[in-house]
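Chains, contacts and geometry: an overview
Here is how the chains run, residue by residue.
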Amino acid sequence: MYTTLLVVFLLSIVFRAGISAWLWPDSRSEELQGQAVAALQAGRLTAPDGSGARELFEAALALKPDQVQAREGLARVALMALERAGREIKQKRYPAARADLQLAQALDAPREQVEHVLASLHAHETGSGGIDALLARAASARDAGRLDQDEASALPLYQRVLALQPRNQRAVEGREDALTDLLQPAQAALDRGDMPTVAGLLQRAQRFDPGHVELPALQAGLAQLVDARAQRVRVLLGKRSYERAAALCIEFQGLQDGGAMPTTCSAEVMEGLTARATRLAADFDFAGSEQLLAMARELASEDPRIMEAERHLAQARKGATKLPVAHHPSHRDTQKVRALLADAAKAQTRGDWITPPGDSAWDKLRAARALAPDDTRVERALAALAPAVRTCHADALRDNRLREAQACLDVWRQLDPHNPALSLARSRTAQRWVAIGNQRLERGEINAAVQAAEQARLLDPATPGLPEFTQRLRRAQPGKP
């Protein structure tokens, strides 16, 4: 009896960290549910800062997706939102009622109950506002040229009438006339090749009537313009003219309905710009690197590949302070080159491919190249480094040493940025980060999961499973953007 207790006690000491990590998600999930119930009782159904019942129940679900109590809690939030919307309608607090209805719909409240409350809202709005008064205000707004600037403009007012009376002929005709006015500048913009203006007008019109009679012809014209520009981007990519391709891609910004930015812009063009910027930084052409990164930011300021290239640029700047000044090689330089090659070999053995700055294998070889750009030993060492880092990446990835795999991938990208196998290697590494992140999240290690998501996004924003993982992670952190 005592022996058994002693064994259990010793095991609990040895494994207490692992057991704690295993049990933590349950306790954290229960803590979040307790906070959610308190918020529900206080009537705080949702809150932008994450303190609402909805956000807290969703955070509990993100940690433990099979949590039945949290799902039941969300159902209670939906029903309470419906009940509160009914009271708000009676109090003539229509905007608040509409917000609670939207919350109930988002949480899959029973459809029949939602429709009942929505019909009540429409009936009360009709009785209090008056259809004729809304129509008169819409006509006055259209005459004044206020078409869709705010809720007091013509098109939103016509839309309110049609929500209450879908077959009101005056509202239908008024909306069509207002949409014609709105789209009047579109053809001229199309003729001069102004894609953003045309796309913006189409998007505004479709908000009110996706079937408006003038839309198909304008959409077809915009599609032709988009196809022509996209083809030109592909031609420039074939010539590796990334700067000129990026200038065309910038014209696609803001396009929604009627034409989106070609995938070549977010993929090949951005990859080409950032890879070339990284290469220039590696060659200590900091001004050229900055110029390319500025263009990349204009194309997509939050693309994670820009942050990665900026990191390489910062490392190169720091490493440049430790490197000798290049000049015609002397006997002493030859000795330095020999020492640098030996240091590079040692750094490679240590696995210091790209860090620390100035002491990595990559920096040592660059320093040797700066001293003796035509030295065949340096060229052979650089050529031998490429397959070595590919092997390093594969071995580290196989053994789940992701940070080492990523360091090798960074060097590979600088040595051979156009290697077709590089894209697959980046994607595989990113997928492994997503898998690790999901494991960390299930164990309640939020910070580690966040870091894994960031690493995956830096490598490949289109990684399968990354959007879902990011959404789970966001729900697990209520109140954080």
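The following paragraphs examine the structure supplied in this document. In this numbering scheme, every chain counts its residues from 1 along its sequence in written order. Per-residue local features are limited, in this predicted model, to residues with pLDDT of at least 70; the limit for side-chain atom pairs, both in listing and counting, is 80 or more; totals at the level of whole chains, interfaces and linings are taken over all residues. Water and hydrogen atoms play no part in the side-chain values, which are based on all heavy atoms of the structure.

What to know about helix α19 (residues 376-398)
Helix numbering and strand numbering both begin at the N terminus, where a helix is a DSSP run of H or I of at least 4 residues and a strand a DSSP run of E of at least 2. Under the convention used throughout, the expected extent of a helix is 1.5 Å for every residue step, that is, one less than its residue count. In this model α19 runs 34 Å from its N-terminal to its C-terminal C-alpha over 23 residues, within 8% of the 33 Å that 1.5 Å per residue would give. Listed in full, the buried residues belonging to α19 are Val 378, Leu 382, Leu 385, Ala 386, Ala 388, Val 389, Cys 392, His 393, Ala 396 and Leu 397. Among the residues trailing α19, Asn 400 stands out with phi positive, at a value near 65°. The buried label applies to any residue whose accessible area, calculated with a 1.4 Å probe on protein chains only, is under 20% of its type's maximum; exposed applies above 50%, and partly exposed to all values in between.

What about unusual backbone geometry?
Of note, the phi angle at Asp 108 is positive, near 60°, even though the residue is not glycine. Tracing the backbone shows Asp 108 in the loop between α5 (94-106) and α6 (111-129). In this structure, Asn 400 is a non-glycine residue whose phi angle is positive, near 65°. Relative to the helices and strands, Asn 400 is located in the loop between α19 and α20 (402-415).

A look at the pattern of salt bridges
Here, a salt bridge means any side-chain nitrogen of Lys or Arg that lies within 4 Å of a carboxyl oxygen of Asp or Glu. One pass over the full model with this rule turns up 20 salt bridges. Between Arg 377 and Asp 375 there is a salt bridge, and its shortest N-O distance comes to 2.9 Å. Classification of Arg 377 by relative accessible area gives partly exposed; the value is 26%. One connected set of salt bridges, linked through shared partners, spans Asp 395, Arg 398, Asp 399, Arg 401 and Glu 404.

Thoughts on the state of the cysteines
Only a pair of cysteine sulfur atoms within 2.5 Å qualifies as a disulfide here. For the coordinates displayed, the defined rule picks out one disulfide. Here Cys 392 connects covalently by a disulfide to Cys 408, the sulfurs 1.6 Å from one another. Note that Cys 392 is positioned in helix α19 and Cys 408 in helix α20, a separation of 16 residues in sequence. On the basis of relative accessible area, Cys 392 is assigned to the buried category, the value being 8%. Residue class for Cys 408 comes out buried when judged on its relative accessible area of 0%.

Regarding the packing of helix α4 (residues 68-90) against α5
Angles shown run from 0 to 180 degrees and are taken between the N-to-C directions of axes, each axis being a line fitted to C-alpha atoms and, for helices, limited to the stretch in contact. Where α4 meets α5, the axes come as close as 8 Å, and the angle between the chain directions of the two elements is 160°. Considered as vectors, α4 and α5 are oriented roughly antiparallel to each other. Crossing handedness for the pair α4 and α5: left-handed. Note on element contacts: α5 touches α4 through Tyr 94, Ala 96, Ala 97, Asp 100, Leu 101, Leu 103 and Ala 104, opposite Val 77, Ala 78, Ala 81, Leu 82, Arg 84, Ala 85, Glu 88 and Ile 89. A breakdown of the residues in the contact of α4 with α5 according to their chemical character gives twelve nonpolar, no polar and three charged. Relative orientations are named as follows: roughly parallel for angles under 35 degrees, roughly antiparallel for angles over 145 degrees, roughly perpendicular for angles from 65 to 115 degrees, and oblique for any other angle. Should the near helix be turned anticlockwise from the far one by less than a right angle, the crossing is left-handed, and should it be turned clockwise, the crossing is right-handed. Note on definitions: a residue-residue contact is assigned when non-hydrogen atoms from the two residues lie within 4.5 Å. Each residue gets one of three labels, nonpolar for Ala, Val, Leu, Ile, Met, Phe, Trp, Tyr, Cys and Pro, charged for Asp, Glu, Lys and Arg, and polar for the others, Gly among them.

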